[in-house]
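Understanding the architecture of this molecule
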Amino acid sequence: MNNRERAMAALHYEPYDHLPVVHFGYWEETRQKFLEEGHITAEEARSDRLTALRQGFDFEWSAGSGINTGLRPGFAREVIKDLGNGARHVRNGDGVVVLEREGATSIQQEIAHLLVDRSSWEAHYKPRLQFSAERGISQTHIDALAAKEKGEHPTGIFIGSLYGKFRDWAGVTGTSYIYADDEDLYAEILNTLGELHYQVLEETLRRCPKGLFDFAHFWEDICFKTGPLVIPSVFEELVGPHYKRLTDLLRAHGTTIVSLDCDGCIDSLLPVWLQNGVNTMFPIEVGTWEAEIAPWRAKYGRELRGVGGMNKNVFALDFDAVDAEIERLRPLVALGGYIPCPDHRIPPTAKWENVVYYCKRMREVF
Amino acid sequence: MSTEILANLSLAVQKGRAKDVEALIAQGLAEDFTAQQLLEDGLLTGMNLLGVRFKNNEVFVPEVLIAARALNKGTLLLKTQLVEEGVKPIGTVVIGTVQGDLHDIGKNLVRMMLEGSGFQVIDLGVDVAPETFVEAVREHKPQIVALSALLTTTMGSQRGVIEALEGAGLRGTVKVMIGGAPITEAYANEIGADAYTADAASAAQMAKSLVAA
């Protein structure tokens with residue numbers, strides 16, 4: 001078996017020889033630290049993939065070929081105000097003014113949003129969300145994927161976000177105000193996003209051999225530590241049908257594993273996704289709010305799969321802590337339909353030898 | 001003078017209806033309610049009820065944000081009368097996201113819930129250095145300092161603030177509350193914080209109990 005076959009077997013509850021060892025990338029600071037410690041070369045330090053291979057990981061789950069469902073064109077980057085000491089307010093590609101600091105790679109603080117009402121939607125955003133064939137995956141790339149037939153790693157199609165981008169453009173507070181002040185506009189924005197995703201995906205899949213993609217992947221990031229940043233009933237009503245339409249389309253083209261990256265406590269939104277064809281949760285934030293696949297599986301059954309749920313905090317400790325974490329994962333892996341993966345990017349607190357040990361032991365144990 | 005206005009004011013806050021809040025406050029003042037009554041028995045009652053429902057997962061972040069906007073509208077309209085009546089907040093909280101961390105959604109939710117519980121909140125923003133917290137404590141003399149962190153890599157800065165307060169001889173003058181995605185009760189105990197809460201509504205309740213103690 002190769003790693004593609006192993007991953008797909010695990011997620012379809014079929015036999016496999018051993019689990020692939022999967023990751024979700026690194027903080028840039030982590031790769032830099034590993035470089036300074038002499039573990040990797042400068043070339044490797046520029047690449048998650050190369051660093052991960054050196055540590056013993058097999059592949060990154062969410063890596064795939066993406067369709068373009070973002071703003072087209074994006075906003076031109078513009079420095080709004082220089083604050084001194086390497087800090088500045090900058091308008092980013094989403095039209096949002098953010099605080100940038102030299103050397104900081106974490107999420108930037110949002111200062112002001114352009115999308116606040118119908119006039120700003122119609123002037124700045126709606127025109128940038130029109131369908132065009134160029135948004136799809138190029139035929140050259142599709143042909144290359146098809147020529148490889150089934151490769152060493154799962155072939156994924158990265159679709160985008162049906163709400164998370166709206167949240168990026170207007171902010172959590174802004175999306176809430178738009179919902180309160182102009183419900184029709186709120187629905188129109190979400191319908192525009194849903195329709196654009198469908199058109200671009202449909203156009204791309206029409207040009208692909210059936211079953212080319214082993215899995216499809218969405219992201220949302222619309223939950224926090226104790227719950228959602230949206231109203232679940234509204235999300236179900238306005239976004240759920242778009243998920244259904246998209247996942248039906250994917251299934252018609254032979255893609256049955258549909259994963260979703262949504263940070264935070266997703267429990268109240270999970271049924272909406274599951275009912276609408278999203279069947280693989282990624283990550284499963286054990287380190288933040290003690291999430292685990294077991295209670296979800298008990299509640300929703302085998303249709304609910306997962307990739308994630310490995311507590312990366314043990315990378316900062318020692319081999320015993322890594323062993324204890326692997327033992328914690330043992331009964332979860334036994335459930336089937338589950339591939340452990342460190343949740344989110346590996347932080348600079350990780351010790352090189354602990355990550356290498358984790359990869360080695362995972363391959364031995366599972 | 002009908003107390004129905006107070007109930008309606010509470011409901012308008014819970015529903016996030018800022019225009020209704022505006023009209024009801026005008027009506028309440030015309031009917032000789034004091035600003036304190038309208039604030040405490042109308043606006044803050046509404047926000048407190050919403051906080052309980054938020055904690056119980058009956059309402060969600062967007063509804064809290066919309067309610068907070070309505071509440072702010074109401075308190076702004078009452079500001080002059082509240083000063084004239086000598087109404088004081090139930091306490092002062094200095095709040096901020098700790099150094100190295102630029103996240104503010106959680107911190108802002110806690111601020112809104114605190115304000116909705118009758119606290120004066122001094123919001124220092126994000127990426128706040130320990131010495132800035134110390135200066136704010138000296139200046140505003142709060143009962144509580146609330147520290148937010150989203151990242152595992154910045155949660156250590158909460159300890160730094162506590163140490164800075166100790167170094168400045170101010171630790172005994174304030175209670176320190178901490179929160180954020182990676183924060184736990186055990187971590188709060190480890191760094192010597194006085195309280196940890198998992199969500200914004202619990203934070204407001206905890207703050208009230210800390211100033212009442």
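This structure is a prediction, so every number in the text was calculated from the model and none was measured. (Residues numbered from 1 in each chain as written. Chains lettered and ligands numbered in written order. Predicted model: local features only at pLDDT ≥ 70, side-chain atom pairs only at ≥ 80, totals over all residues. Heavy atoms only, no water.)

1. Here we look at the pattern of salt bridges
For the coordinates displayed, the defined rule picks out 33 salt bridges over all chains. With a shortest N-O distance of 3.2 Å, A:Asp94 and A:Lys165 are connected by a salt bridge. With A:Asp94 in the loop between strand S5 (87-91) and strand S6 (97-101) and A:Lys165 in helix H7 (residues 164-181), this pair connects stretches of sequence that are 71 residues apart. With a shortest N-O distance of 3.6 Å, B:Arg53 and B:Glu58 are connected by a salt bridge. Residues joined by salt bridges that share partners form a network here, namely A:Asp94, A:Lys165, A:Arg167 and A:Asp168. (Salt bridge = Lys/Arg side-chain N within 4 Å of Asp/Glu carboxyl O. Helix = DSSP H or I, 4+ residues; strand = E, 2+ residues; numbered from the N terminus.)

2. With respect to the packing of aromatic side chains
All names here are of chain A. Counting across every chain of the model gives 16 aromatic pairs over all chains. Judged by centre distance (5.4 Å) and plane angle (75°), the rings of Phe 315 and Tyr 358 are edge-to-face. Within this pair, whereas Phe 315 is found in the loop between strand S14 (305-310) and helix H14 (319-334), its partner Tyr 358 is found in helix H15 (residues 352-365), the two being separated by 43 residues in sequence. In terms of burial, Phe 315 and Tyr 358 fall into one category: buried. Members of the aromatic cluster, each reached through a chain of ring pairs, are Tyr 163, Phe 166, Tyr 179, Tyr 186, Phe 235 and Trp 273. Of note, Arg 245 hangs over the ring of Tyr 198, and the distance from its end group to the ring centre comes to 3.8 Å. Directly above the ring of Tyr 13 sits Arg 302, whose terminal nitrogen or CZ lies 3.9 Å from the centroid. (Phe/Tyr/Trp six-rings, centres within 6.5 Å; stacked < 30°, edge-to-face > 60°. Buried < 20%, exposed > 50% of the residue type's maximum accessible area, 1.4 Å probe, protein only. Lys NZ or Arg CZ within 6 Å of the ring centre and 35° of its normal.)

3. Regarding the nonpolar core
Residue and element names in this part refer to chain A. Core analysis: the largest hydrophobic core is formed by 107 residues, its most contacted members being Trp 61, Phe 166, Phe 235, Trp 273 and Tyr 358. The leading source of residues in this core is helix H8 (residues 183-206), at eleven residues. Ignoring sequence-local partners within four residues, the contact set of Phe 235 consists of Tyr 163, Ile 222, Val 230, Gly 240, Tyr 243, Leu 269, Val 272 and Trp 273. (Core = buried A, V, L, I, M, F, W, Y, C linked by side-chain atoms within 4.5 Å. Contact = heavy atoms within 4.5 Å.)

4. Considering the domain arrangement of chain B
Residues and elements named next belong to chain B. For chain B, the assigned domains read domain 1 (4-85) and domain 2 (91-212). Put simply, the middle of domain 1 and the middle of domain 2, counted by C-alpha atoms, are 26 Å apart. Taken together, the contact pairs 13 residues of domain 1 with 13 residues of domain 2. Between domain 1 and domain 2, a total of about 1000 Å² is buried, with carbon and sulfur atoms accounting for 71% of that surface. The largest share of the area that domain 1 buries against domain 2 comes from Asn 48, Phe 54 and Lys 55, three residues that together contribute 37% of it. Linking domain 1 with domain 2 are zero salt bridges. Viewed at the interface, domain 2 and domain 1 are joined by two residue pairs in polar contact (both at pLDDT 80 or more). Broken down by element, the side of domain 1 that touches domain 2 gets its largest block of residues, seven residues, from helix H3 (residues 35-55). (Domains from an automatic or database assignment. Buried area = accessible area lost by both parts, 1.4 Å probe. Polar contact = N/O pair within 3.5 Å; in protein donor to acceptor, adjacent residues only side chain to side chain.)

5. Remarks on the interface of chain B and chain A
With 25 residues of chain B at the interface, the matching set in chain A holds 26 residues. When chain B packs against chain A, close to 2200 Å² is buried across both sides, 67% of that on carbon and sulfur atoms. The three residues of chain B that bury the most area against chain A are B:Phe60, B:Arg69 and B:Leu102, which together make up 25% of that side's buried surface. In this structure, A:Asp181 and B:Arg69 form a salt bridge, with 2.7 Å as the shortest nitrogen-oxygen distance. Along the contact surface separating chain B from chain A lie five residue pairs in polar contact (both at pLDDT 80 or more). For the side of chain B that touches chain A, the secondary structure elements donating two or more residues are helix H4 (61-85) and helix H5 (105-116) of chain B. With six residues, H4(B) is the largest single contributor of residues to the side of chain B that touches chain A. Of the residues assigned to the side of chain B that touches chain A, the class counts are 15 nonpolar, five polar and five charged. (Nonpolar A, V, L, I, M, F, W, Y, C, P; charged D, E, K, R; others polar.)

6. Some details on helix H2 (residues 28-36) of chain A
Residue and element names in this part refer to chain A. All buried positions along H2 are accounted for by Thr 30, Arg 31 and Phe 34. Considered in projection along H2, the buried side chains sweep an arc of 95° and stay on one side of the axis. Those residues of H2 that are buried are in contact with helix H3 (42-45), helix H4 (48-55) and H15. Gly 38, located one to two residues past H2, shows a positive phi value of around 85°. (Arc of directions from axis to C-beta.)

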